[in-house]
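Each chain, written out:
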Amino acid sequence: MSRVFSRCLCAIVVFATTSAAFAADPPARPKSLDPGLIATYSSGQRKIVRLALSSNFVLQAGESIHPQIGPDFTLDYDGVIRVLQAGDYAFSAADGAAITIDSAPAAKIHLAAGDHALHVHYRRKPGPARLQLTWSSDAFPAEPIPPAVLGHSAVPPEVGASATIERGRLLAEELNCIACHKSESPAMVGRGAPDLSTIGSRVNPQWVVKWLEDPRHFRAHATMPALLASEQDRRDVATYLASLKDTTTTRQVSTNDDAAVSGRDIFENVGCANCHGKDGVELNGQASKWKSPDALSRFLLDPTAVDPSCRMPSMMLTRQQTDSLAAFLFNPPKPDDKSTANWSIASHLADFEQASVDADAARGKTLVQSSGCLKCHAISGASSTATEAVALSRVKPAAGCLASQPPAGAAQYHLTNDERAALTAYVRSASEQPEVAAAPTFSYQENIQRFNCVACHTAEGFVPKQALDGVPPLAIAGQKLRPEWIHAVLEDKQRVRPWLRLRMPHFGPAVKPVADELIAVSGAGPVEEAAAPAPTAIRDGRKMVSNGMGNFGCITCHSFNGAAVAAPEQSRGPELTLMVSRVRPDWFARWMREPARIVPTTLMPAFFSEKPASESMPVINAMWGYLSMGKSMPLPDGVTPSRQQEFALTPIDVPLVQRCYLDGGGVDGKYRAIPRAVAVGLPGLTCYVFDPDLCQICYAWSGGFVNMTAGWNGRGDTHGKRLGTPFYNAPPGSPIYFDSLEKKPQMDYIGYSTAHDQVEMVYSVDGVEIHERDSASPRGVGLVRTFEFDPAGKQVYFVTQIDPTIKFSSSNGSFEPVPTPNGWETPERTQAVKISGSSKVNFSITVTPTQDGK
Amino acid sequence: MSMAMKENTMNSVTFPLSRVLRGEGRGEGTNVSTCEERHFAARCPLTLTLSPEYRGEGTRWRRASVIVAMLLLLSGFIAAPKAVAADAGPDQYYTLDRLPDPDTNLKLEVGGLNFAADGTLYAGTRRGEVWAWKDGKWKRFASGLAECLGTLPIKPGVVLVTQRAEVTRLIDTDGDGIADRYEKITNDFAYSGNYHEFNFGLVMDKAGNLYGSLNLGHTNHDPWGGQYMGADVKDRGTVYTISPDGKYSTFAWGLRSPNGLEISPDGELFCAESQGEFTATDCLQHLQKDRFYGHPASLSFKPGFTGNPRTTTIAELAKMRTPPIVWFPYKRVGQSVNQPRFDITAGKFGPFAGQIFCGDDIGPILTRVFLEKVGDDYQGACFPFLRKQNVLEGANRIAFGPDGAMYTGLTNRGWATGTHGVYKIAWTGKMPLEIQKWEIQSDGFLLTFTEPVNEQAASNPDNYHLLNFHYEYHKTYGCDELDKAPVKVLSAKVSADRKSVHLALPELRSVWIYQLDVQNVTADDGAGIRNSTGWYTLNRLKQ
């Protein structure tokens, strides 16, 4: 009953807010805008005109807006902006872009409802650069201009040509032309092919023979060419490949109807059908292809382990689930009546089961090495003997692989005419204007197609075939999410709604660049952190999150530390204790004030509709202050504590020291596990960890201390989990050297003192007893490391890494680059400061995170 | 004559009852849990115990109570004779009181417990605090440790502690009763983070050497042939020593789960082990330098051992191994017996001065150990001492206070109910009748009671129900009591002072365990034996 009610309530609120946001809509909506602005990029003699589906960007030094345009470019956007409600508007963009509307400067302008001509002119200066088109009006506070109100009317002829060239470029990458035809572009990415070292355990040799004849006969989207002209060659190669086996024994995997029906349920619901549905990547003939259901099941557990291209991601399924999927593909039932997924699958393809195989494996191996197979595939113990092809810039149109009837010896891709035309256009364009720069926003546009992100997500210019609840739009991801969280999702399998059946797959290492590209395409500036929450804010914020009269009752829909909530799974909100480590504070404020302005279909109610900032912001800030405590948040009213006692430690007025086995974490285990950790939390939640084994501070973080819940429940293993966000990671190596950087110092941990509510680490370096006190930076996030010791006449060096994300400054002397000192375990670029004074030195090193080196 | 007849009749009734209670009626050699039975007994309001008060009132009353009990049994009103509680709880001899809990969010789950010379009791906890009990108040001395399983105050304001990955000196430099310096003494031992890699401690000998012990890890991949425990990293499964100048070295090898060390007033080291692989049941070890105590995991890093611990045969291991000096039959006394402590109260705690007391990680029982030396080796007997269901479970550490009382700190989170807190056990001054000593003789045993006993009953060999059995040294987890059989007592000869009884046996078997249950023997005031059952570990015969 209450569930139904809360859902209805949400729906009503959403309806109300949606209509409030667009209250001034004209009765008859004009036809929707054609998305994207017409962009003209120029640099020196070069010029490119194309449709820019996203207008914002963040570029690092040396990066550009387009691979064929140098980093010192000029940019002009032309298009229209749709104004729904007349009013006084103000427009701005970072880094001094000039915005004109209807040919008038748009810093402050009165606009009538309707479409207006928009022009943006921007000149890139050397170094990092950023553009984010922002507007505000008397009706709403500043926000990035939503892509939905930007569009274009007139399309210059160059735009169509650019689109063909871009298509050709993506094809050249996806067909991995550059594996044989070397490209000098700093921005082209090829496509790796499956590792064949154990292919004999995976697929049937009969299938291989037929597949080698024409991959597009098996699957229309296949990117592999046919390289072997004769049946004998193909049989020899298949025989060789069949001999490449691993030692795993085959499990019996049942393919009976029950298993197949469970597999169908997974196929239709976790997301498989989004790529493999109608007009997607065919799945016919899997039973002809795979050696056994077990082989297929093993592949499905982690396809990226076999295929580094990561086009087929891991769906993060259990072995039982992949067994069911294998059963489904070997024995597909009819689609479920209730299913909206549109698919058809034939398990067997007769002509892939007929070849005779038993042929000459040795000759097959020679062929695999000489025919170019190993340009894309890897086989352990085999290497390519194929000759080099001409460089990509010298490829002739309509010849070789690009001929409509490729000659013997050329790779046979069975290209369509359109594909040939696009590839030819790209090759020509790239030889006229060779690629010169990495272009993250351009790569982003390719990557969301390459990895088929747009099968589920809406993105600039893309709408998935089927509307999917709860899948966030990509266009705003970088404006909404912290960079660390984007990385954690793509690289560390972090999921904020693990209960949803439709799941974000794990794509493996190839998708890594997309995280930075999402940030690049958002145009979002550095995250500006709010001040540490005041105790009153924590109290008020807790009240609002709680259930009860006058409160927002966030926990009705959002999960809190995994606690069960009343809302049904589809409409359940993301985990509250992760909120602050996930979203940007500026986005949180905008979202809270008007959620439907950002995502019109959201179930998140608007609590502050039409309330002035003076009323809404104190409440929003208090909630943020409370949420900032992450896992340390005191429980809101209405959440029952879990049976396991929670031990999220929080220093309030004095520092806390907690010895524990501090678990590692971060992307690629960047923050290593420290078995004998001395974790120190300072009031205000600036924290660091000292490793007695290495005798140094290893990393520092802020926003939470340590959670001992795992280590202090049950049998207990004293494991602690870091809370909050790291901002400093010191490579293993002594920070202090005496007289020379060439002699590895002898270090010994002595202990620590907690006298006078101040933590002082004590350790010795070459016999000198070092006293180190660490405190929070007085200005925002950062750590001030203060050292005091008597070097007994020796010259003191303080060494640290050179890291664009961290600024180091010394109270005594300044940092100069130095060769990596003896004793540093990793090859870091290092800098050192020579500390003046030879007895009783006392100096401070301030460690401040910077946003991407700015 | 008629009286004797009646006595015999009654014996014939009660003996099988007690045998059933101990699981003996269900087939010899099986390791039957008596815990559930005792749990029942604790809740059962009607007991068949012939408690000393009633016994004193004469045979008629006794007979009557037995008859009532039999009727109740027959009527099915109570189930089985489980209610014959075997072990004493707090009573007119020993009191049991809980100290108030300190004001801490973390619960006083006691991992270390020791008195300082000034009478302050220092309790270290599993969640890393050290609390000081002085003048009826707790004060937090230290916090933030990674699991404190040993506390050793050595001088005013200085407490040595073990942490998971370090042995640490806590110093209160400014005298405010709160440690403000945490100094490393050593961390020269390996630690992988496995939950079972405990660091138990901590005792100091007269020369100032420290000793602690490192638990094996709980590994699931059967690394050393054991079912559960193994050493993924070196140093696990050993006893270590730290010299006064801080040098770490291994003292003894082949341990498994040595929870808590003790040093005797003469400077000899002891620890208890709990049942597991290569360990038939809980036992007491006499730790001597460089010896090997039975679990092969630590052999892989023992200097001079060149074999492969996984493939070394039991016969070879047995040759290297120093056997336990006292076995604690599983669940007869404890289930996971821990740190032995010597009664150093010189009689303030009752008639057991110089004897050993142990707690238990799981069960609600404290166990007493009598040791004697045969040749150069210790062996001896264990007896239940105090049992209190739903209270004493997980008595993890024991310390004797300057007041002559025993203090015990509890924790068993993760293995049982999650007990915590400190209890004080004090002798009331009233002398209990107990088997104070159980010594081996060339032809049998000599029992010494704490009080003169009723000569008539004590000289009747039928009142000494003796069994023997043995354990096998093997790699699987635990061992049943093997080949258990009754042993006939030929004669029972009472000494002139009526405090000792010499039991003559047809033969004595070494490396066997003898179980004794004394019946009907009473003190002059009519009191029965407070704990009438014991187990003697006979490693060596006396010539």
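Everything that follows concerns the structure shown earlier in this document.
Every value quoted in this text rests on a predicted model; they were computed, and no experiment measured them. (Residues numbered from 1 in each chain as written. Chains lettered and ligands numbered in written order. Predicted model: local features only at pLDDT ≥ 70, side-chain atom pairs only at ≥ 80, totals over all residues.)

*Asks:* I keep staring at the overall build of chain A and nothing clicks. Help me out?
*Replies:* A count of helical and extended segments in chain A gives 23 helices and 32 strands. Relative to its full complement of 854 residues, chain A shows a buried share of 43%. (Helix = DSSP H or I, 4+ residues; strand = E, 2+ residues; numbered from the N terminus. Buried ≥ 20, exposed ≤ 12 C-beta atoms within 10 Å, placed from the backbone.)

*Asks:* Would you mind going over the packing of helix α4 (residues 205–213) of chain A against helix α6 (residues 231–242) of chain A with me for this structure?
*Replies:* In helix packing, the relevant descriptors are the interaxial angle and the interaxial distance, both defined with respect to the helix axes. Residues and elements named next belong to chain A. The N-to-C vectors of α4 and α6 enclose an angle of 135°; their axes lie 9 Å apart at closest approach. Between α4 and α6, the angle is such that the two are oblique. Crossing of α4 against α6: the hand is right-handed. Residue-level contacts link Pro-205, Val-208, Val-209, Leu-212 and Glu-213 of α4 to Arg-234, Arg-235, Val-237, Ala-238, Thr-239, Leu-241 and Ala-242 of α6. Partitioning the contact of α4 with α6 into residue classes produces eight nonpolar, one polar and three charged. (Axes fitted to C-alpha atoms, helices over the stretch in contact; angles between N-to-C directions. Parallel < 35°, antiparallel > 145°, perpendicular 65-115°, else oblique. Left-handed = near helix turned anticlockwise from the far one by under 90°. Contact = placed C-beta atoms within 7 Å. Nonpolar A, V, L, I, M, F, W, Y, C, P; charged D, E, K, R; others polar.)

*Asks:* When you look at the sheet that holds strand β5 (residues 137–142) of chain B in this model, what are you seeing that I'm missing?
*Replies:* Across a sheet, strands are paired by hydrogen bonds formed along the backbone, either parallel or antiparallel in direction. All names here are of chain B. In spatial order, the strands read β2-β3-β4-β5; together these four strands make up an open sheet with antiparallel pairing. Each end of this open sheet is capped by a strand with a single partner; those strands are β2 (110–115) and β5. Put simply, the sheet's adjacent strands are angled 25° from each other on average, direction ignored. Pairing between β2 and strand β3 (residues 121–125): five bridges, direction antiparallel. Its bridge partner being in β3, Leu-113 is matched across the sheet by Ala-123. (Pairing = 2+ DSSP bridges.)

*Asks:* Explain α4 of chain A to me, please; I cannot follow it from the model alone.
*Replies:* One turn of an α-helix holds 3.6 residues; hence residues three or four places apart share an orientation. Along α4 of chain A, eight of the nine residues are buried, which leaves the element largely enclosed by surrounding structure. Turning to α4 of chain A, the residues buried within the fold contact α5 (215–218), α6 and α9 (286–289) of chain A.

*Asks:* What's the story with the pairing of strand β32 (residues 500–504) of chain B in this structure? I'm lost.
*Replies:* Look at any regular strand and the pattern is simple: side chains alternate between the two faces of the sheet. Residue and element names in this part refer to chain B. Residues Val-501 and Leu-503 of β32 are buried on one face, while the alternating residues Ser-500, His-502 and Ala-504, pointing to the opposite face, are not. In this sheet, β32 lies alongside strand β28 (residues 444–449) in antiparallel orientation, the contact comprising five bridges. Its bridge partner being in β32, Phe-445 is matched across the sheet by Leu-503. One ladder, built from four bridges, connects strand β31 (residues 491–494) with β32; its direction is antiparallel. Residue pairing across strands places Val-494 opposite Val-501, the latter belonging to β32. Hairpin geometry of β31 and β32 is characterised by an intervening segment of five residues between the two adjacent antiparallel strands and by a positive phi of about 60° at Arg-498.

*Asks:* Would you mind going over the nonpolar core with me for this structure?
*Replies:* Nonpolar side chains tend toward joint burial in soluble globular proteins. Ranked by internal contacts, the top residues of the largest apolar core, which has 181 residues, are Val-689 and Ala-700 of chain A together with Ala-123 and Val-130 of chain B. For Ala-700 of chain A, the residues in contact, after removing those within four places along its chain, are Cys-687, Tyr-688, Pro-726, Phe-727, Tyr-728, Leu-783 and Val-847 of chain A. (Core = buried A, V, L, I, M, F, W, Y, C linked by C-beta atoms within 7 Å.)

*Asks:* Explain the interface of chain B and chain A here, please?
*Replies:* The extent of an interface is frequently quoted as the accessible surface area lost upon association of the parts. In this assembly, 26 residues from chain B lie in contact with 23 residues from chain A. Looking at the side of chain B that touches chain A, the element that brings in the most residues is strand β9 (residues 181–186) of chain B, giving four residues. Looking at side-chain class alone, the side of chain B that touches chain A contains seven nonpolar, eight polar and eleven charged residues. For strand β24 (residues 747–753) of chain A and β9 of chain B, the ladder comprises three bridges, and the chain directions are antiparallel. Note on β9 of chain B: the bridge partner recorded for Ser-753 of chain A is Arg-181 of chain B.

Bear in mind that shape data such as this cannot, by itself, settle questions of function.
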